[in-house]
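Letter by letter, the chains look like this.
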Amino acid sequence: MNRLVALVLLAMAWSAHAAEAQPEPLKLWHAYRGGEEAALLQATTLFTEKTGVRVDMLALPYDAYAAKLTNAIPHGAGPDVFIFNHERLRNFQGQNLLAPTTGTLVRADYFANTVAALEVDGQVYGYPMSLKSLALYVNTKLVPRPPTTTAELLALLPTLSNPAEGRFGLAYESGDFYFHAPFLFGFDGPLFDATGRASFDTPGMARSLAFVKKLQDERMMPQEVSGALVKTLFNDGRVAMTISGPWFAGEIAPSVRYRVVALPTVSETGTPMKPFLGVEAAFVSSRSEQSARAHELARFLSLGESSRVRTTVGRQIPANVAAYQFQEVKDDTLISSFREAAKDATPMPNTLEMARVWEPMKLTLRAVLQGGTRPEDAGALADRRYRALHRERPPEASPMPWLTLAGVMALGGGTAWVLRRPAQSQTFRQRYPDVSRAVTYVAPAAAGLLVLVFIPFAVGLTLSLFHHDAGQYTFVGLANFVDILASRGYSITEPLSFYFTLAVTLLWAVVNVVLHVSIGLGLALILKDPLLKMRGVYRVLLIIPWAVPNYITALMWKGMFHRQFGAINGLLVALDLEPVSWFTRFSTAFAANVATNTWLGFPFMMVVALGALQSIPPELYEAAEVDGASKWTQFRRITLPLLKPAMLPAVILGSVWTFNMFNIIYLVSGGEPGGATDILVSEAFRWAFQRNEQYGFAAAYSVLIFVVLMGWSVFTRRLMKPEEAS
Amino acid sequence: MSEVTLNGIKKSFGSNLIVKGVDLQVGQGEFLVMVGPSGCGKTTLLRLIAGLEQVDAGEVRIGGARVNDVPPRDRDVAMVFQSYALYPHMTVRENLAFGLTLRKFPQAEIASRVDEVAAMLELGHLLERKPKALSGGQRQRVAMGRAIVRRPKVFLFDEPLSNLDTALRVQMRGELARLHRRLGATMIYVTHDQVEAMTLATRVAVFNAGVLQQVGPPLELYNRPANRFVAGFLGSPAMNFLEARRDGANLVGKGFTLLSPADLSPGAANVLVGLRPQDLRVAALGPLAGTVDAVERLGFDGYAFVNTESGPVAARFDKGTQVSVGDKVFLAPMADALHVFTEDGSVALRHPVERESLEVAS
Ligand SMILES: Nc1ncnc2c1ncn2[C@@H]1O[C@H](COP(=O)(O)OP(=O)(O)OP(=O)(O)O)[C@@H](O)[C@H]1O
Ligand SMILES: [Mg+2]
């Protein structure tokens, strides 16, 4: 026994000693999955074998990855090395998260445009690992000789297309600017003007849009193409060519023979269609405590053996020049074709300005390809949207008057309270002898309220007086409110305007509540009927929609409204009706949202109504019947008035819930088309998190939402008064 | 014409037969009072007439027309519910006016009728209140008002006065009688109160366990009950029943011998003798003897409850007679006081010849 204890102690001492001797493991964060993750694991194992330094890998969900990095690194809780694409570079660099690679990075090891992508102000941050860009996938059975110019492409497409049979020459995700960019650059359209500002209203833009529109109008390309559709069509041999990235190779069925070639050259301009180049790099954190080792790891991952593993196992296109000397890489035509195709690629700018391009371009592409906007007018549309979304910072205001005002009000209030207080003959303690006990009872709830309600409220209120831009907060007074209420930058009939969204929100709330109440009440009336068999079963079934978490329901409905694969269109087709593209028109997108939310909302009203109905004595109906009331009169004169006291609070509650029903809007229509179905909360969310992080502006939205709901609650309290009195 | 006719009405709830084939005719303008023990089906019968329940068999006629399939609102009846059934969200005025509004009466007419009824039922000061703010008696009056204000062909009252205090009940009784006289409407009235039954009714119908036992003018029922149930049900204290055997000119029971009435027709040997306590006196000598068990004094006279060999018997005593618990007393029937029933009480064999006066204690 003693010996065992001694042994354990010894083992512990030894392991403690060993830990001391070994350096801390390096922390490596990434967002890889599947093959890429396996390849990274192999590469880090190689690193550990070589240097003896252990590496702790952590995979993060992609959606939360950037936020996690920007939060963790400044607090010293982040990784030593992390892998990210270069688009965020300037953002990270601006927040001082990155260590420069001066002295350790050898430019000649990598393709020049990949290093260029990682440059900010002459400094290179991060080691380029792989590149991602677009190329042309060609079904070699259908297209033995891939087109090299757009003229050849245009000549080829009609022979490959037959819309009646559902066959098309070309299909790609035409609604996504990432896929449209090669056309824009091929038609010589610059994306940024001389000052570096995004410019949309250019001849190149108009010509590129016209070209794509023509392909679609002449039925050489299908409409509303999603990635999933491209995959299906290409694998079925119904589409001869597609534009996609390296990831698409994994989705092609083994039976399909294909080749990857560079995108064609635009015949009118003689310029190759240059796709965006995305560079994935290993970045070293500026807070790494083992900076030298971290640089060593990052560099190791980007070169040599790691490149080979990442290529063969992870199917990445290496940025390392030497990697193409490996026999396996040489033999891999896909990798080398992409390498060829990426030669002309433009590194996607890592500027903030680039981040601002996406939303206006998405709107524009939709307006041209799905709506009736002419390609010549589309640039102006994008430009207006751009200006609306990326407001100039309002003039800085001095917070002094505000602070003074707040101070004066606090002082005045305090004085008034002291003066107006009736003179007390007793001390506070005498009047409230149990005060300490009372405080203990109230404290937990009060603390919760303080932390969960009052502090966020005060922060939000304060924030609404600031303008935020890339981490910089500027005090602007009421400028945010003025801009919102004056609808500056867009007319009040545009979806971006507060009034438009308010109108949509009110319509949304009213339509929903009316449907919830009428359906809920109708079902309650049916369920109340004692003659109905299996009432209990129905009751449980009808409450189920309420019991399922609402985002799950929302996602299910979103799936059901899908244009190609949704059950609802499936039903329409089965009934020989035209399938509906639900999210391209306001009316249908709004209807889809309403249907989903009604599904979620009626059970609550049903339960309340059922309870209220059951508390109405049946003799009242008999008395009314003898008094001469028809069933309808009984409902109107007996049921409804007696339901009112129970239903009114439920309706008020339901209207507030609906007013702020973010989940449904965000998950079902996502605001489509063009933000028209967004309601105030989802719009506030977009201003905060999808439109250049305009936190102050979003906070001002929230304050306005609060004001609207406050007004509503005051109004409804009035409404309830007579009920309470009686 | 608004007579109500019930032909062979049957009604069951589930497997319980509640109304077992009732035939009853209520003439135009008649005031029929239905009495019977609790649960015997009185309310059910009213609901069948009103149309709130469907008959299982038989036929309901109102004013000569068969109404089995006519909904309540088209039968032109008004019902006062045992549980009032006032509309809680309406004021008293609205409650009263409801039936008239539904029948699209002119506003002025509605107002005058409501005011008239309110005055009659002393509801004037309560018109703007909601039922929640009324006492039980006030609610009952509103419920009656709601029926009266409509002036229907047939009134159905289900114990409408049960919650009123004695004074108000007496007053309301008078009002009802006057109302009946004035409107000349047919009224069917359920009550547990024998005084109400006796004073209001033109005819009384006695029910037991879903079967109509006897129907007729109150005095007739009192004086000539068709069977033991009716005899025992009407009158207070209840009639005394003594088992007896015919023995020549006598009726002989345990501990007594009575002279058999001359008009008693011959028949089965065993009979049941009925004697109303009012017809039996505590006396110095008599055919029945026993020990006083309890005494009820009602002022000028009273009742003694006496244990005899044939069981407990109630008898009246006069003011002058001294009776106290434990006394051994004799009981003497008045002249020609004997009711005689068959042994099982199902058929009456004779009744005393009718006398002028009738005494009913409430
Ligand atoms: N809806 C019903 N379902 C089942 N049984 C019923 C129903 N209504 C009445 N009953 C039964 O029918 C019988 C007669 O009921 P009813 O209400 O007619 O009695 P009642 O003579 O009015 O009694 P009370 O003098 O106590 O008011 C009772 O046994 C009662 O339980
Ligand atoms: Mg009853």
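The present account deals with the structure reproduced in this document. Bear in mind that the values here come from a model prediction, so they are computed numbers and not experimental data. The written sequence of each chain sets the order in which its residues are numbered from 1. Both sets of labels track the order of writing: A upward for chains, 1 upward for ligands. With the structure being a predicted model, the display of local features is reserved for residues of pLDDT at least 70 and the display and counting of side-chain atom pairs for 80 or more, all residues being used for whole-chain, interface and lining totals. Heavy atoms throughout the structure, all of them, feed into the side-chain values; hydrogens and water do not.

## Remarks on the overall build of chain B
- Looking only at helices and strands, chain B features 8 helices and 21 strands.
- Burial classes follow relative accessibility: with a 1.4 Å probe on protein chains only, a residue under 20% of its type's maximum area counts as buried, one over 50% as exposed, and anything between as partly exposed. The burial tally for chain B puts 52% of its 362 residues in the buried class.
- Only heavy atoms enter the contact rule, under which two residues are in contact if any of them lie within 4.5 Å. Residue pairs at least 24 apart in sequence account for 65% of intrachain contacts in chain B once pairs closer than 6 positions are excluded. In DSSP terms, a helix is any run of H or I states spanning at least four residues, a strand is any run of E spanning at least two, and both are numbered starting from the N terminus.

## Points about the overall build of chain A
- Helix and strand counts for chain A stand at 30 helices and 15 strands.
- The 726 residues of chain A split such that 45% are buried.
- Counted over contacts in chain A with a minimum sequence separation of 6, partners at least 24 positions apart contribute 72%.
- For the accessible areas, the method is Shrake-Rupley and the probe is 1.4 Å, while residue cover comes only from the protein chains on display. In the structure as shown, chain A presents an accessible area of about 35300 Å², 63% of it carried by carbon and sulfur atoms.

## Examining the site of ligand 1
All names here are of chain B.
- Neighbouring residues are identified by heavy atoms, a residue being near a molecule or strand if any of them is within 4 Å of it. Close to ligand 1 lie F13, I18, S38, G39, C40, G41, K42, T43, T44, Q82, E159 and H192.
- Isolated, ligand 1 exposes 630 Å² of accessible area, and the fraction of that covered by the protein chains is 60%.
- It is helix α1 (residues 42–50) that provides the largest number of residues to the shell around ligand 1, a total of 3 residues.
- Considered class by class, the residues forming the shell around ligand 1 number 3 nonpolar, 7 polar and 2 charged. Think of it as three bins: nonpolar holds Ala, Val, Leu, Ile, Met, Phe, Trp, Tyr, Cys and Pro, charged holds Asp, Glu, Lys and Arg, and polar takes everything else, Gly as well.

## Digging into the coordination of the magnesium ion (ligand 2)
All names here are of chain B.
- A donor here means any N, O or S atom no more than 2.8 Å from the metal (3.2 Å for Na, K and Ca); water is not included, so a site may seem to lack partners. Only T43 (OG1) and Q82 (OE1) from the protein reach the magnesium ion (ligand 2) as donors, at distances of 1.9 to 2.5 Å. Taken together, the positions of T43 in helix α1 and Q82 in the loop between β6 (77–80) and α2 (92–102) put the pair 39 residues apart, joining distant regions of the chain.
- Exposure remark for T43: the relative accessible area of 26% places this residue in the partly exposed category.
- A relative accessible area of 39% means that Q82 is categorised as partly exposed.

## Observations regarding helix α26 (residues 618–627) of chain A
- Burial analysis of α26(A) places 8 of its 10 residues in the buried class, the great majority of the element.
- Where α26(A) is concerned, the buried positions are A:L620, A:Y621, A:E622, A:A623, A:A624, A:E625, A:V626 and A:D627.
- The inward-facing, buried residues of α26(A) contact α21 (498–528) and α27 (631–659) of chain A together with α1, β6, α2 and α4 (136–148) of chain B.
- Remark: A:G628 follows α26(A) within two positions and exhibits a positive phi of approximately 110°.

## Section: the packing of helix α23 (residues 550–560) of chain A against helix α25 (residues 586–614) of chain A
Residue and element names in this part refer to chain A.
- Following both chains from N to C, one finds α23 and α25 inclined at 140°, their axes separated by 10 Å at the closest point. Viewed along their axes, α23 and α25 adopt a mutual orientation that is oblique. The chirality of how α23 crosses α25 is right-handed. Together, N550, T553, A554 and W557 of α23 and A595, T596, W599 and L600 of α25 make up the contact between the two elements.
- In terms of residue class, the contact of α23 with α25 is built from 5 nonpolar, 3 polar and no charged. Fitting a line to C-alpha atoms yields each axis, with helices limited to the stretch in contact; the angle taken between N-to-C directions then spans 0 to 180 degrees. Should an angle fall under 35 degrees it is taken as roughly parallel, and over 145 as roughly antiparallel, whereas 65 to 115 is taken as roughly perpendicular and any remaining angle as oblique. What makes a crossing left-handed is the near helix being turned counterclockwise from the far one by less than a right angle; a clockwise turn instead makes it right-handed.

## Section: the sheet that holds strand β2 (residues 16–26) of chain B
All names here are of chain B.
- Strands were regarded as paired on the criterion that DSSP finds at least two bridges between them. Taken in spatial order, the 4 strands of this open sheet run β2-β1-β4-β5, and their pairing is antiparallel. Only two strands of the sheet have a single partner each, and these edge strands are β2 and β5 (65–66).
- The sheet contact formed by strand β1 (residues 4–13) and strand β4 (residues 57–62) spans 5 bridges and is antiparallel. Bridge pairing in β4 links L6 to V60.

## Regarding the sheet that holds strand β8 (residues 168–171) of chain A
Residue and element names in this part refer to chain A.
- One open sheet accounts for 4 strands, arranged β8-β9-β7-β10; its pairing is mixed. The two strands at the open ends of the sheet, each matched to only one other strand, are β8 and β10 (258–261). Neighbour-to-neighbour, the strand axes of this sheet turn through a mean angle of 20°, independent of strand direction.
- Lying over the sheet, helix α6 (residues 150–160) contacts β8 and β9 (239–244), oriented at roughly 135° with respect to β9.

## Description of the packing of aromatic side chains
All names here are of chain A.
- Any Phe, Tyr or Trp ring, taking Trp's six-membered ring, that has another such ring centre within 6.5 Å forms a pair; planes under 30 degrees apart are called stacked, those over 60 apart edge-to-face, and the others tilted. Considering all chains together, one arrives at 47 aromatic pairs over all chains under this definition.
- Look at F561 and F583: their rings are 6.3 Å apart centre to centre, the planes differ by 75°, and that puts the pair in the edge-to-face class. Taken as a pair, F561 in the loop between α23 and α24 (567–574) and F583 in the loop between α24 and α25 lie far apart in primary sequence, 22 residues in all.
- F561 gets classed as buried once you look at its relative accessible area, which sits at 4%.
- A ring is scored as having a charge over it whenever the NZ atom of a lysine or the CZ atom of an arginine sits within 6 Å of its centre and within 35 degrees of its normal. Here the basic side chain of K558 rests over the ring of F583, its NZ or CZ set 4.8 Å away from the ring centre.

## Here's the deal with the nonpolar core
- Judged by nonpolar contacts, the single largest core of 74 residues is most densely connected at A:L69, A:F82, A:F84, A:Y137 and A:F283.
- Considering every element that reaches this core, the biggest residue donor is strand β11 (residues 276–284) of chain A, with 6 residues.
- Domain delimitation follows an automatic or database domain assignment. In terms of domain composition, this core takes at least three residues from each of domain 1 (23–131 + 278–347) and domain 2 (135–274 + 351–383) of chain A.
- As used in this record, nonpolar core signifies buried Ala, Val, Leu, Ile, Met, Phe, Trp, Tyr and Cys residues forming a set joined through side-chain atoms within 4.5 Å. In this structure, A:A524, A:M606, B:Y87 and B:L156 belong to the second largest nonpolar core, which totals 60 residues.

## Notes on the side chain of A:S161
All names here are of chain A.
- Residue placement: S161 occurs in the loop between α6 and β8.
- Pairing of N or O atoms within 3.5 Å defines a polar contact, subject to two protein rules: one partner must be a possible hydrogen donor and the other a possible acceptor, and residues neighboring in sequence count only if both atoms are side-chain atoms. Within the structure, S161 has its side chain in polar contact with the backbone nitrogen of G169 (distance 3.0 Å).
- In contact with S161, not counting residues within four places along its chain, are R167, F168, G169, R219 and M220.

## Quick notes on the interface of chain B and chain A
- Listed per partner, the contact involves 23 residues of chain B and 17 residues of chain A.
- Throughout, buried area stands for the accessible area (probe radius 1.4 Å) lost by two parts on being put together, summed over both. Both faces combined, the contact of chain B with chain A buries some 1800 Å², and carbon together with sulfur accounts for 63% of it.
- Criterion for a salt bridge: a side-chain nitrogen of Lys or Arg within 4 Å of a carboxyl oxygen of Asp or Glu. Connecting chain B to chain A are 2 salt bridges.
- Counting every contact that joins chain B to chain A gives 9 residue pairs in polar contact (both at pLDDT 80 or more).
- Within the residue set of the side of chain B that touches chain A, elements represented by two or more residues are β6 and α2 of chain B.
- Grouping the constituent residues of the side of chain B that touches chain A by class yields 13 nonpolar, 3 polar and 7 charged.

## Focus: the environment of B:V313
All names here are of chain B.
- Secondary-structure assignment places V313 in strand β18 (residues 311–317).
- Exposure remark for V313: the relative accessible area of 2% places this residue in the buried category.
- The spacing of V313 and D293 is 20 residues in sequence and 9.8 Å in space, taken between C-alpha atoms.
- What V313 contacts, discounting residues up to four positions off in sequence, is N240, L242, L280, A304, F305, V306, T308 and L331.

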